[in-house]
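Fold and contact review
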Amino acid sequence: MRFPAGSVLIRHPTLGDILFDTGYGPAFFDATRPFPERLYRWLTPVQQPPDQRLPALLEKHGARPGLILLSHLHADHVAGLFDIPPAPVITSRKAWEHLQEGNRLTTLKAGCPERLRQRIQSLHPQFIEDFPVAPDALGTGLPFPFYDLAADGSLLAVSLPGHGHGQFGLLLPQTSTGPAFLIADAAWSRQALRDRAPPPDITLRRLGDAGACHATFAALCDLAQQRPDISLWPSHCPEAFA
Ligand SMILES: [Zn+2]
């Protein structure tokens, strides 16, 4: 199967251009050149033509992100960061702390090859957990904390535990096309949410906490069913990132 590795550009009326995740980029290919990191590329072959790299995509939209949000620290969400001009980064403290643990092999197994991990470790991110907790203004009923990143309720980081460590999504209560919820890897696709079909347990266990994945996935299935007014954006969904 072919999967996109999506990155979302938010054109915020007061904060300017913001990126949610950055997809793949040259830093990924660099980090997976040596062995054993090469295994990542063998197991998940990645293609990125120049016109699909972030600099080309941003130029097409005349965008200059002044803030970058990283839902979690897997290579397919962070590598593109090193392909564009530096900007302040926000991620979760849980994801950050987990990144500091383990060795070359464990970090590879956890989805972040060593050379890429070292580049991420050189950043000085802010953490979603340090922003004020926000109310569930849209009434989603999601049983996770919401953090108000913009102090006006327009950018809500929502914990989506289970996949990786410290994953969060971004709820945008008001966009030009209605409410949108960027849910990273909490589901692979919109179809999976409609079918209530989570990935197999063996995959969930390899990439995080299977029990928490199931609970998060079930909450998002309910949301998809009950709130068709909120568009859901899984990072690897061929329908969302057609
Ligand atoms: Zn991931």
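Scroll up a little and you will see the structure.
**A few points about the coordination of the zinc ion**
Listed as protein donors to the zinc ion are H72 (NE2), H74 (ND1), H163 (NE2) and D185 (OD); their distances from the metal cover 2.1 to 2.3 Å. Metal-centred angles of 90 to 173° between the four donor atoms at the zinc ion mark the site as irregular. Here H72 falls in the buried class, since its relative accessible area comes to 1%.

**Some thoughts on helix 7 (residues 114-121)**
Taken residue by residue, helix 7 has E114, L116, R117 and I120 as its buried positions. Buried residues along helix 7 cover an arc of 160° about the axis, so they all sit on one side. Those residues of helix 7 that are buried lie in contact with helix 1 (26-31), helix 4 (75-78), helix 5 (93-99) and helix 6 (104-109).

**Regarding unusual backbone geometry**
The omega angle of the peptide bond from F35 to P36 is 5°, so this bond is cis rather than trans. A positive phi angle is found at A151, which is not glycine, with a value near 65°. Relative to the helices and strands, A151 is located in the loop between strand 7 (146-148) and strand 8 (156-159). Under the relative-accessibility criterion, A151 is labelled exposed at 68%. In this model, R196 sits at a positive phi of 50°, which is unusual for a non-glycine residue.

**Remarks on the pattern of salt bridges**
Enumeration according to the criterion identifies eleven salt bridges in this entry. Ionic pairing is found between D130 and R93, a salt bridge with its closest N-O pair at 2.7 Å. Of this pair, D130 sits in the loop between strand 5 (126-127) and strand 6 (133-134) while R93 sits in helix 5, and the two are 37 residues apart along the sequence. On the basis of relative accessibility, which here comes to 52%, the residue D130 falls in the exposed class. Between D229 and R227 there is a salt bridge; the shortest N-O distance is 2.9 Å. Within the structure, one salt-bridge network assembled from shared partners comprises D30, R33 and R115.

**Description of the state of the cysteines**
Applying the stated criterion to the full structure yields zero disulfides. Of all cysteine sulfurs in the structure, the one in C213 sits closest to C112, which takes part in no disulfide; the separation is 18 Å. Summary of cysteine pairing: C213 is not part of a disulfide, and the nearest cysteine sulfur, belonging to C221, is at 12 Å. Owing to a relative accessible area of 9%, C213 belongs among the buried residues under this scheme.

**What to know about the packing of aromatic side chains**
This model, assessed by the stated rule, comprises seven aromatic pairs. On the numbers, 6.4 Å between centres and 80° between planes, the contact of F20 with F168 is edge-to-face. With F20 in strand 2 (residues 16-20) and F168 in strand 9 (residues 168-172), this pair connects stretches of sequence that are 148 residues apart. Given the relative accessible area of 2%, F20 is considered buried. Pairing F35 with W42 gives two aromatic rings, centres 6.2 Å apart and planes at 50°, and the pair type is tilted. Take F35 and W42: they sit in the same class, and that class is exposed. An aromatic cluster is present here, built from Y24, F28, F29 and Y40 joined pairwise through their rings. Taking NZ or CZ as reference, R190 lies 4.7 Å from the ring centre of W233, over its face.

**What about the side chain of H77?**
Structurally, H77 can be placed in helix 4. Sequence-distant contacts of H77, that is, excluding residues within four places in its chain, are made with D21, T22, G23, L70, S71, H72, D185, S235 and H236.

**Some remarks on the nonpolar core**
F28, I68, L70, L73, L116 and I120 are the most contacted members of the largest nonpolar core, which has 29 residues in total. Going through the elements one at a time, helix 1, helix 3 (54-60), helix 4, helix 5 and helix 7 are the ones with two or more residues in this core. Top element by residues in this core is helix 1. It accounts for four residues. Not counting residues within four places of it along the chain, the set of residues in contact with I120 comprises L73, V78, F82, W96, L99 and C112. Formed by 21 residues, the second largest nonpolar core is a distinct cluster that contains F181, A187, A219 and L223.

The rules we used
- Residues numbered from 1 in each chain as written.
- Predicted model: local features only at pLDDT ≥ 70, side-chain atom pairs only at ≥ 80, totals over all residues.
- Heavy atoms only, no water.
- Donors = N, O, S within 2.8 Å, 3.2 Å for Na, K, Ca; no water.
- Tetrahedral: all angles 85-135°; square planar, octahedral: opposite > 155°, others 65-115°.
- Buried < 20%, exposed > 50% of the residue type's maximum accessible area, 1.4 Å probe, protein only.
- Helix = DSSP H or I, 4+ residues; strand = E, 2+ residues; numbered from the N terminus.
- Arc of directions from axis to C-beta.
- Contact = heavy atoms within 4.5 Å.
- Salt bridge = Lys/Arg side-chain N within 4 Å of Asp/Glu carboxyl O.
- Disulfide = S-S within 2.5 Å.
- Phe/Tyr/Trp six-rings, centres within 6.5 Å; stacked < 30°, edge-to-face > 60°.
- Lys NZ or Arg CZ within 6 Å of the ring centre and 35° of its normal.
- Core = buried A, V, L, I, M, F, W, Y, C linked by side-chain atoms within 4.5 Å.

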